[in-house]
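Here's the letter readout for the chains.
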Amino acid sequence: MRITMVTILWAAAVALAPACKSNERAPASSATAAPSPSKPAPRAAPEPGAATATLSDARIAAIVVAANQVDVDAGKLAAGQTRNAEVKRFAEQMVTDHSAVNQAAVELVTKLEVAPEESDVSRGLVSSGAETRARLASLEGEAFDRAYVDNEVAYHQAVIGVLDAQLIPSATDEELKQLLVAVRPALVAHLQHAQHLQASLAVGPAGK
């Protein structure tokens, strides 16, 4: 479910905060604050204490790849299922942009000889991403469009928040840190695009 993925990301941020403080790294301020989930976390989401206690470059790499692949897979589903021209274009852009980030991330970790290391966070993202796609696949028409776009808004808010608070401050390799900083503007642009779509879907179908 959508809230599951957001909760996983924020559980990771809560659990990893002590590690960042011990390294005397101040979290970067976010231009787009991610909302705190107002609903109780579903059982599928790990408790904060269950998330990874430390955030190495190898674990950051795995989280980046997992987060991008989740949105690529959701975008492919949406592009094939929606009948809304604007939603389709947005979904296709998500596939293109997040695939490019993953390619850059894989090329970088290969160059650095850092093997991505799975953690509760990266595994949770993959699992909840599959749940989200299953939920979306059961919907049709405007209900599908709204659910997909709502998910994209919440997802990008959460990713930007964790990127600012944990991933960028925790990265020790300078090239990895630079990659994370470089992708942030695209994530903000994605969020703004999704919010625009969300508003247009609230008042009536677009692209017809």
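Quick caveat: nothing in here was measured; it's all calculated off a predicted structure.

**Student:** How should the overall build of the protein be read in this particular structure?
**Tutor:** When helices and strands are tallied, the protein shows six helices and zero strands. Counting over 208 residues, the protein shows a buried share of 49%. A fraction of 88% describes how many contacts in the protein between residues 6 or more apart in sequence connect residues 24 or more apart. When the accessible area of the protein is evaluated, it comes to approximately 9,900 Å², of which 56% is carbon and sulfur surface.

**Student:** Help me understand the side chain of Lys 177 in this model?
**Tutor:** Assignment of secondary structure puts Lys 177 in helix α6 (residues 174–203). Despite its burial, Lys 177 remains without a salt bridge, the nearest opposite charge being carried by Glu 174 at 5.8 Å. Reaching out from Lys 177, the side chain makes a polar contact with the backbone oxygen of Ala 171 at a distance of 3.1 Å. Not counting residues within four places of it along the chain, the set of residues in contact with Lys 177 comprises Ile 168, Pro 169 and Ala 171.

**Student:** Is there a simple way to explain the pattern of salt bridges in this structure?
**Tutor:** Close approach of charged atoms lets side chains of opposite charge pair. In total, this model carries eight salt bridges according to the counting rule given. Across the pair Lys 111 and Glu 175 runs a salt bridge, and its minimum N-O distance is 2.8 Å. Taken as a pair, Lys 111 in helix α3 (residues 85–112) and Glu 175 in helix α6 lie far apart in primary sequence, 64 residues in all. We classify Lys 111 as exposed; its relative accessible area is 57%. Overall, the relative accessible area of 32% leaves Glu 175 in the partly exposed class.

**Student:** Quick question: what am I supposed to make of the nonpolar core here?
**Tutor:** Generally speaking, soluble globular proteins have nonpolar side chains that are buried together. Counting 43 residues, the largest nonpolar core has Ile 60, Tyr 148, Leu 167 and Leu 180 as the members making the most contacts within it. Counting only elements with at least two residues in this core, the list comes to α2 (57–81), α3, α4 (120–137), α5 (141–170) and α6. When residues in this core are grouped by element, the largest group, twelve residues, is from α5. The residues contacting Tyr 148, other than those within four sequence positions of it, are Ala 74, Gly 75, Ala 78, Val 87, Phe 90, Ala 91, Met 94 and Leu 136.

**Student:** Please clarify how the packing of aromatic side chains should be interpreted in this entry.
**Tutor:** Geometrically, a pair of aromatic rings is defined through the distance of the ring centres and the angle of the planes. Per the counting criterion, the structure on display carries two aromatic pairs. Ring centres of Phe 90 and Tyr 148 lie 6.2 Å apart, and the angle between their planes is 65°; this geometry places the pair in the edge-to-face category. One end of the pair, Phe 90, is in helix α3; the other, Tyr 148, is in helix α5, and 58 residues separate them in sequence. Judged by its relative accessible area of 0%, Phe 90 is buried. On the accessibility criterion, Tyr 148 (0% relative accessible area) is buried. Summarising the aromatic geometry, the rings of Phe 144 and Tyr 148 are spaced 6.3 Å apart at their centres and angled 5° between planes, so their arrangement reads as stacked. On the criterion of helical spacing, the pair formed by Phe 144 and Tyr 148 is a turn pair, its members being four residues apart in helix α5. In this pair, the class of Phe 144 matches that of Tyr 148, namely buried. Connected via pairs of aromatic rings, a cluster forms that spans Phe 90, Phe 144 and Tyr 148.

Analysis parameters
Residues numbered from 1 in each chain as written. Predicted model: local features only at pLDDT ≥ 70, side-chain atom pairs only at ≥ 80, totals over all residues. Heavy atoms only, no water. Helix = DSSP H or I, 4+ residues; strand = E, 2+ residues; numbered from the N terminus. Buried < 20%, exposed > 50% of the residue type's maximum accessible area, 1.4 Å probe, protein only. Contact = heavy atoms within 4.5 Å. Areas by Shrake-Rupley, 256 points an atom, 1.4 Å probe, with all protein chains shown as cover. Lys, Arg positive; Asp, Glu negative; His and termini not counted. Salt bridge = Lys/Arg side-chain N within 4 Å of Asp/Glu carboxyl O. Polar contact = N/O pair within 3.5 Å; in protein donor to acceptor, adjacent residues only side chain to side chain. Core = buried A, V, L, I, M, F, W, Y, C linked by side-chain atoms within 4.5 Å. Phe/Tyr/Trp six-rings, centres within 6.5 Å; stacked < 30°, edge-to-face > 60°.

By themselves these figures say nothing about function.
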